[in-house]
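A closer look at the structure
Residues per chain, in single letters:
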Amino acid sequence: MRTIAVHGGTPLQGEVSVEGAKNSTLKLMAAALLAPGVTRITNVPDISDVETMGEVLAGLGASMTRHDHSLEIDATELTSHEAPYEMVARMRASISVLGPLVARLGQARVAMPGGCAIGSRKIDMHIRGLEGLGVHVETGHGFIHASAPHGLKGKELTLDFPSVGATENLLMAAVLAEGTTVIENAAREPEIQDLAALLVAMGAQIEGAGSPVITITGVSELHPVEHRVVGDRIEAGTFLVAGAITGGAVRVRGFDPRDMDIVLTKLEQAGCRVQLHEDGATVGCAGRPMAVDIQTLPYPGFPTDMQAQFMALMALAEGSCVITENVFENRFMFADELTRMGADVRIESHHALIKGVAQLSGAPVRSPDLRGGAALVLAGLVADGDTLISDIHHIERGYERFVEKMRALGASIEIRNN
Ligand code: EPZ
């Protein structure tokens, strides 16, 4: 079994560059299905989820070749409209092929993505939106069967909640629909804006990406392009918290600090020194941080994907705070592991009540999910003694060379095969 071993106590110093955003890359790869020909995507992170999405595309007849951090996806001929269960069960982001397949082929058969550790991950808004565009959707035997033999028709759609995945699937379906589609209450994440930029480069007509109202005028076809993935703001935030929690100072390059406004503001409120740069930010913190409340919300609110990392920081804060998770219904498993390291965290429904302690103690812990695993590394960096983290495949799904990058910042950390 492979584990990450961390010996705590070293303040991290230096510079680290982030890769392209995982949560954009996977959708850009799905969007490549819309354009017959070879789409080239650069600044792609070397993570296992990208390999998995490549297998999903290959199953559809689109071949993917990788050269270092660039991908070439040839979607000239699609030979299948099915994303099989074993793929979707492995990576629920595979559901992102639903919109493009229906738009390009007029049909799709995609396995229902199961829930995962952080929540039920429903897709009712994806389905309702597609039905609004004239797609006939049936679910049965664990599959979604979507068909639009006469093409998709533009429509005014309103999302109950600004779902990232639903906004992306509907955006990718609407670009080839007849007429105009308006998505009200759309998600506004930077990754949505990155997807829209790719689609517009392909010839789509999209207004308002990044705002709550996106207007799409359908076109008859799209052409392949080259596109550079936006920097990963969550990987960046994870390393910025690493600098803060260890009482060091870390400069993170390769992302737009404006995409992390509220996270940087919260770090400042916690007493950290924050410097902004064109291509990133530097965060340092001398001594214990101060306790700060956070509420996770859709963008531009505090990102749910930074909740566990911030909780690790608040576990050591002067004072008490409340972290409220408003996006997922079960995203506090990390807190149970952190408690094993001596944190004082009490969960009340979707609130985590945290009383800062002066010191965490290293312990064997289990990575519950991608961000929780990364946050356990952060806690290990500052804990007294050694922390051994298992189930590290979760971390490797979304972070390229995580251990190597932490070591380059001075961390005493290694991967062990035991
Ligand atoms: C994306 O998930 C990200 N994943 C998540 O990142 C991120 O936490 C999330 O957006 C919110 O920012 C990828 O991009 C691959 P949602 P997604 O649809 O699209 C409910 C990470 O760590 N909902 O905005 O699944 C849903 O259950 C991952 O990188 C419905 O009820 O997020 C959830 O509670 C974790 N019905 C909430 O909305 C629907 O039809 C937000 O989901 C769709 C969603």
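Given the structure is predicted, the values throughout are model-derived calculations rather than measurements.

Near the ligand, the surroundings consist of 24 residues, among which Asp 124, Met 125, Ser 163, Asp 305 and Val 327 are the closest. Separating an oxygen atom of the ligand from a side-chain N or O atom of Asp 305 is a distance of 2.6 Å. When the free accessible area of the ligand is taken as 830 Å², the share hidden by the protein chains comes to 88%. Every element with two or more residues in the shell around the ligand is listed here: helix H1 (22-31), helix H5 (124-132), helix H6 (164-174) and helix H12 (370-382).

Moving on: the sheet that holds strand S5 (residues 70-74). Strand order in the open sheet formed by 4 strands is S4-S5-S3-S14, with mixed pairing between adjacent strands. At either end of the open sheet lies a strand with only one pairing partner, and these are strand S4 (63-67) and strand S14 (226-228). For this sheet the average axis-to-axis angle between neighbouring strands, irrespective of direction, equals 20 degrees. In terms of strand pairing, strand S3 (residues 38-42) meets S5 through 4 bridges, oriented antiparallel. From the neighbouring strand, Ile 41 faces S5, where its bridge partner is Leu 71. Lying on the sheet, helix H2 (residues 48-60) is in contact with S4 and S5; it crosses S4 at an angle near 150 degrees.

Looking now at the environment of Ala 209. Residue position: Ala 209 is located in the loop between strand S12 (205-207) and strand S13 (213-217). Given a relative accessible area of 27%, Ala 209 falls into the partly exposed group. Those residues within four positions of Ala 209 in sequence are excluded, and the remaining contacts are Gln 193, Ala 196 and Ile 214.

Moving on, we get to the sheet that holds strand S15 (residues 249-253). Overall, mixed pairing links the 4 strands, which are arranged S2-S15-S17-S16 in an open sheet. What marks the edges here is a single partner per strand, and that holds for strand S2 (13-17) and strand S16 (273-277). Sheet twist, expressed as the average angle between the axes of neighbouring strands with direction ignored, equals 15 degrees. Sheet topology places S15 next to strand S17 (residues 280-284); 5 bridges connect them, and they run antiparallel. What sits directly across from Arg 251, in S17, is Thr 282. The strands touched by helix H8 (residues 233-245) within the sheet are S2, S15 and S17, with S15 carrying the most contacts at an inclination of about 165 degrees.

Before going further, it helps to spend a moment on unusual backbone geometry. The omega angle of the peptide bond from Tyr 299 to Pro 300 is 10 degrees, so this bond is cis rather than trans. Position of Pro 300 relative to the elements: it lies in the loop between strand S18 (294-296) and helix H10 (307-314). One non-glycine residue, Asp 68, lies in the positive phi region at around 55 degrees. Under the relative-accessibility criterion, Asp 68 is labelled exposed at 62%. Of note, Asp 391 is a non-glycine position whose phi angle comes to about 60 degrees, a positive value. Secondary-structure assignment places Asp 391 in the loop between strand S23 (386-390) and helix H13 (393-398).

Quick look at the packing of aromatic side chains now. Following the criterion strictly, the structure yields 3 aromatic pairs and no others. Aromatic pair Phe 302 and Phe 310: ring centres 5.4 Å apart, planes at 70 degrees, arrangement edge-to-face. We classify Phe 302 as buried; its relative accessible area is 1%. Ring centres 4.7 Å apart and planes at 45 degrees place the aromatic pair Tyr 399 and Phe 402 in the tilted group. Both residues of the pair, Tyr 399 and Phe 402, belong to the buried class. One aromatic cluster is present, built from ring pairs that chain together Phe 239, Tyr 399 and Phe 402.

A few words now on the packing of H10 against helix H11 (residues 333-340). Viewed as axis vectors pointing N to C, H10 and H11 meet at an angle of 25 degrees, and their least axial separation amounts to 10 Å. Between H10 and H11, the angle is such that the two are roughly parallel. Along this stretch, H10 crosses H11, giving a crossing that reads as right-handed. The segment H10 lies against H11, with Ala 308, Met 311 and Ala 312 engaging Phe 334, Ala 335 and Leu 338.

Rules used throughout
- Per chain, the residues get numbers from 1 upward, laid out in the order the sequence is written.
- Selection of residues for local features in this predicted model requires a pLDDT of at least 70, selection of side-chain atom pairs for listing and counting requires 80 or more, and totals for whole chains, interfaces and linings are taken over all residues.
- Calculation of side-chain values draws on the structure's entire complement of heavy atoms; hydrogens and water are dropped beforehand.
- To be near a molecule or strand, a residue needs just one of its heavy atoms within 4 Å of it.
- Nitrogen and oxygen atoms within 3.5 Å of one another constitute a polar contact, given that in protein one can donate a hydrogen and the other can accept it, and given that sequence-neighbouring residues count only through two side-chain atoms.
- With residues, only the protein chains shown are counted as cover, and all accessible areas are computed by Shrake-Rupley using a 1.4 Å probe.
- By definition, any uninterrupted DSSP run of H or I lasting at least four residues is a helix, any uninterrupted run of E lasting at least two residues is a strand, and each is numbered from the N terminus.
- By this definition, two strands are paired if DSSP reports at least two bridges between them.
- Comment: axis = line fitted to C-alpha atoms, over the contacting stretch for helices; angle = value between 0 and 180 degrees taken between N-to-C directions.
- For this analysis, residues touch if any pair of their heavy atoms sits within 4.5 Å.
- Burial classes: relative accessible area under 20% of the type maximum marks a residue as buried, over 50% as exposed, and values in between as partly exposed (1.4 Å probe, protein chains only).
- Think of it this way: a Phe, Tyr or Trp ring, Trp meaning its six-membered ring, pairs with another when their centres are within 6.5 Å, and the plane angle makes it stacked under 30 degrees, edge-to-face over 60, tilted otherwise.
- Note that the term roughly parallel is reserved for angles under 35 degrees, roughly antiparallel for angles over 145, roughly perpendicular for angles of 65 to 115, and oblique for everything else.
- Two helices cross in a left-handed way if the nearer one is turned anticlockwise from the farther one by less than a right angle. They cross in a right-handed way if the turn is clockwise.

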